[in-house]
Amino acid sequence: MTAQNSATRPASIAVQPVGHRTAARSGTALALLGVVAFSLTFPATAWGLESFGPWSLVALRSVLAAAVAGAFLLAGRVPLPAREHWAGLAVVAGGVVVGFPLLTTLALRTSTTSHAAVVVGLLPLTTAAFSALRTGHRPSGRFWAAAVAGAGVILAFTLAQSGGTPSAGDAYLFGALLVCAAGYTEGGRLARSMPGWQVIGWALVLCLPLSLAGAAFALASEPVHLTWHGVTGLVWVAAGSNFFGLYVWYRGMAEIGTARASQLQLAQPLLTLVWSVALLGEHLSPATPLAACAVLVCITVTQRVK
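Anyway, here's the lowdown on the structure attached to this text. For clarity, every value in this text was computed on a predicted model and none was experimentally measured.

## Remarks on the layout of surface pockets
Part 1 of the reasoning: Volume-wise, the second largest pocket comes out at about 240 Å³.
Part 2 of the reasoning: What lines the second largest pocket is a set of 14 residues, and nearest its centre among them are Trp55, Val58, Ala59, Leu210 and Gly214.
Part 3 of the reasoning: Secondary structure elements with two or more residues in the lining of the second largest pocket: helix H3 (54-75), helix H4 (86-107) and helix H8 (196-221).
Part 4 of the reasoning: If you tally residues by element for the lining of the second largest pocket, the top one is H8, at 6 residues.

## Examining unusual backbone geometry
Part 1 of the reasoning: Residue arginine 77 is not a glycine yet carries a positive backbone phi of 50°.
Part 2 of the reasoning: On the basis of relative accessibility, which here comes to 76%, the residue arginine 77 falls in the exposed class.

## Focus on a nonpolar patch on the surface
Part 1 of the reasoning: Taken together, the side chains of Leu219, Val224, Leu226, Val231 and Val235 define a hydrophobic patch exposed on the protein surface, amounting to about 400 Å² of accessible area.
Part 2 of the reasoning: Mapped onto the fold, valine 231 is located in helix H9 (residues 228-256).

## Concerning the packing of aromatic side chains
Any two aromatic rings considered together are summarised by their centre-to-centre distance and by the angle between their planes.
Part 1 of the reasoning: Summed over the entire model, instances satisfying the criterion amount to 10 aromatic pairs.
Part 2 of the reasoning: Taking 6.5 Å as the distance between ring centres and 85° as the angle between the ring planes, the aromatic pair formed by tyrosine 184 and tyrosine 250 counts as edge-to-face. Taken together, the residues tyrosine 184 in helix H7 (residues 170-190) and tyrosine 250 in helix H9 connect sequence positions 66 residues apart. When sorted by exposure, tyrosine 184 lands in the same class as tyrosine 250, which is buried.

## Points about the pattern of salt bridges
Part 1 of the reasoning: Enumeration over the complete set of coordinates arrives at 2 salt bridges.
Part 2 of the reasoning: With a shortest N-O distance of 3.0 Å, arginine 134 and glutamate 186 are connected by a salt bridge. Highlighted residues: arginine 134 in helix H5 (residues 113-135) and glutamate 186 in helix H7, separated in sequence by 52 residues.
Part 3 of the reasoning: Its salt-bridge partner being glutamate 186, residue arginine 189 comes within 2.5 Å of it at the nearest N-O pair. One end of the pair is arginine 189 and the other is glutamate 186, both in helix H7 and 3 residues apart, which spans about a single turn.
Part 4 of the reasoning: Overall, the relative accessible area of 28% leaves arginine 189 in the partly exposed class.

## Section: the state of the cysteines
Part 1 of the reasoning: A full pass over the atoms with the stated rule returns 0 disulfides.
Part 2 of the reasoning: Lacking any disulfide linkage, cysteine 180 is separated from the closest cysteine sulfur, that of cysteine 207, by 14 Å.
Part 3 of the reasoning: According to the relative accessible area criterion, cysteine 207 is buried, its value standing at 7%.

Procedures and definitions
Residues numbered from 1 in each chain as written. Predicted model: local features only at pLDDT ≥ 70, side-chain atom pairs only at ≥ 80, totals over all residues. Heavy atoms only, no water. 1 Å grid on protein atoms, 1.4 Å probe; cavity = no way out; pocket = protein on both sides within 12 Å on 5 of 7 lines; lining within 4 Å. Points joined across faces, edges and corners; volume = space filled by probe spheres on them. Helix = DSSP H or I, 4+ residues; strand = E, 2+ residues; numbered from the N terminus. Buried < 20%, exposed > 50% of the residue type's maximum accessible area, 1.4 Å probe, protein only. Patch = residues over 30% accessible without salt bridge, like charges linked within 9 Å, V, L, I, M, F, W, Y side chains within 5 Å. Areas by Shrake-Rupley, 256 points an atom, 1.4 Å probe, with all protein chains shown as cover. Salt bridge = Lys/Arg side-chain N within 4 Å of Asp/Glu carboxyl O. Phe/Tyr/Trp six-rings, centres within 6.5 Å; stacked < 30°, edge-to-face > 60°. Disulfide = S-S within 2.5 Å.

Structure below.
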């Protein structure tokens, strides 16, 4: 018996780290896919505003995303969440389904997408702080130093892109930062007890009555001028950002942790700036490659420390 245990123990020890590394890679890949999806949100919103008013765009994106989510929930015959999960789902709904889309859409009426990217640049640090308060997890000092450094790089870079002068939409942007961080944190916690797509799915369905009422009111009071850009932007923010992006994002957070996953979003503003050039014709300063390298260093540090 002793010889058998001695022979089998190394195999069991070797298997666990491999499985852990595989889960970490999978979670990181999913979170990165979410970051790519989110990086298109601001340019797509700018496109959507070509056809819809801000209130109409936000309400319609929520209605369409809820329709997609509801279809998946019905097809999978997913039971209603447990009673103890509804409060958390309400936080997710208020933060990422209603609050962040509405506040950033209102901000983009007067701010460029590159300036609005400051919100995403600060979001990882804010999400990590919310996560520490909510879960009691305390990342190391090196983790926080790298997170603060990365957020500082993004903040300086995005402010430089806008000339260093705060825009009229800054109040909306910083409000969006806070509500989204709370929604991300609560969604990441819920994704440990239910699949990530169900977290965002139920949050969207929870908001459906409000979204339908808001869409009816907004469409009656705001002009609509349908264009290819406008419709494409609406479809993306509904299906790509509100459902698919949040699905892979919450699933990734459940596997690698909210604080660590949030640091991957340090790359999101730079991706948004790339899309802004390619899709909206905005111009970037020569500092972009330097900022990209600095952010990648910060991401590497936060991924290697606990």
